[in-house]
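Structure at a glance
The primary structure of each chain is shown beneath.
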Amino acid sequence: MRAPATNTQTPVPVRDPDRVANRTRTEQGGTPQYDPVAYGQELAAISHHQTEATSARFVVFKALAAVGIGHEQPDDIVAALEAGAVAGAHTWISESSPPHGAEPRFEDGWFAGVRDVASHLRRIADTTATTGQGRAASSAMLLAHLHQPASPAPQEAPAEDPGPAAELDTKDVLAAAERFPWALAAPGTRHWPDGEFLDVALSAVRPEERQGYIERLEAFVEQHRERLEELLRAYGPGSRPASHGRYALIGQPETLVVLERMEANPFGLRSEWEKELETVFLNDLEFAWGPRIRLSR
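These figures come from a predicted structure and were not determined experimentally.

Reading the values: rules and limits
Residues numbered from 1 in each chain as written. Predicted model: local features only at pLDDT ≥ 70, side-chain atom pairs only at ≥ 80, totals over all residues. Heavy atoms only, no water. Phe/Tyr/Trp six-rings, centres within 6.5 Å; stacked < 30°, edge-to-face > 60°. Helix = DSSP H or I, 4+ residues; strand = E, 2+ residues; numbered from the N terminus. Buried < 20%, exposed > 50% of the residue type's maximum accessible area, 1.4 Å probe, protein only. Arc of directions from axis to C-beta. Contact = heavy atoms within 4.5 Å. pLDDT = per-residue confidence, 0-100.

This part is about the packing of aromatic side chains. What describes a pair of aromatic rings is the distance from one ring centre to the other and the angle between the planes of the rings. Inspection of every chain in the model, using the stated rule, returns 7 aromatic pairs. With a centroid separation of 4.8 Å and an interplanar angle of 50°, the aromatic rings of Tyr235 and Tyr247 are classed as tilted. Of this pair, Tyr235 sits in helix α10 (residues 225–235) while Tyr247 sits in the loop between α11 (240–243) and α12 (253–264), and the two are 12 residues apart along the sequence. In terms of burial, Tyr235 and Tyr247 fall into one category: buried.

Next up, the structure:
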């Protein structure tokens, strides 16, 4: 029996379930290998588990804070538990075997797939174990905000209305992003030319941040130049992860705005995103970027 090893990325779903079915029909019978309805149910189940995990993590942080344990230790504890769960999935995948009596070519393909999946799970476990910092502190801040009493109405005359917040022109923001070609894919390889991702990202810019936002974005990109270059190299067009249909946002000009908001206002970004868009794209971007506060786990 061949012993499964480890290698690289596992195939993952793309944006449109119907496209999965269309691309995976057999040439002879035309029967789809993936049922779009079943695929949608699978995504719903995964989303449910992620939501439950977020709630459970919040309870753990709250309980540890109640007994006087600071922020860093809970982060390490929860990260170790989550990494261990992924490691358990790695063991289960690595020990799987092809059906009894399968042809050698089928076995070769089976073990190649096992190596890809196992290697991807190992990298997820490594990342999970080392990038959980800041979540306990974030949970404590959120809890304090939720329990903060409403301020009494002021007795004195209300302050002068400062007027409407400055508006952000999407064309100006995109023009600013285009000034950083080393963080962007070549125009011919980009995806999703519509403006829905940029609109959602800009909706997470707070009113007080809109004045001078372009300068803020430019400073963010310059500060993270090496990190953005590596992101484009590892996950952008032409990379193996991108070939599976995911990470399509990487290399887009508007993605620079998404990443800036992911660092500056992660709760606001995810809240706006979940109203309008599929979270799978934001989750993928969080995994590849590794933000200070990750909300998809």
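Back to the write-up after that little detour.
What follows deals with α10. Those residues of α10 that fall on the buried side of the exposure criterion are Leu228, Leu231, Leu232 and Tyr235. The arc that holds every buried residue of α10, seen down its axis, measures 105°, which confines them to one face. Opposite the buried face of α10, by more than 90 degrees, sit the exposed residues Glu226 and Arg233. Against α9 (213–223), α11, α12 and α14 (279–289) lie the buried residues of α10.

On average, residues of the protein carry a pLDDT of 75, and 67% of them reach 70 or more. For the protein, helix α1 (residues 17–23) is the element with the lowest average pLDDT, namely 40, and α9 is the one with the highest, namely 94. Every residue in residues 1–32 scores below 50 in pLDDT, and together they form 70 contacts with partners more than four places removed in sequence or on other chains.

Tracing the sequence through the fold places Asp172 in helix α6 (residues 170–177). Since its relative accessible area comes to 44%, Asp172 is described here as partly exposed. For the pair Asp172 and Ile214, spaced 42 residues apart in sequence, the C-alpha separation works out to 8.0 Å.

Structurally, the position occupied by Ala125 is in helix α4 (residues 104–130). Ala125 sits in the buried class, given a relative accessible area of 11%. For the pair Ala125 and Ala85, spaced 40 residues apart in the sequence, the C-alpha separation amounts to 8.2 Å. Apart from residues no more than four positions distant in its own chain, Ala125 is found in contact with Ala83, Val86 and Ala87.

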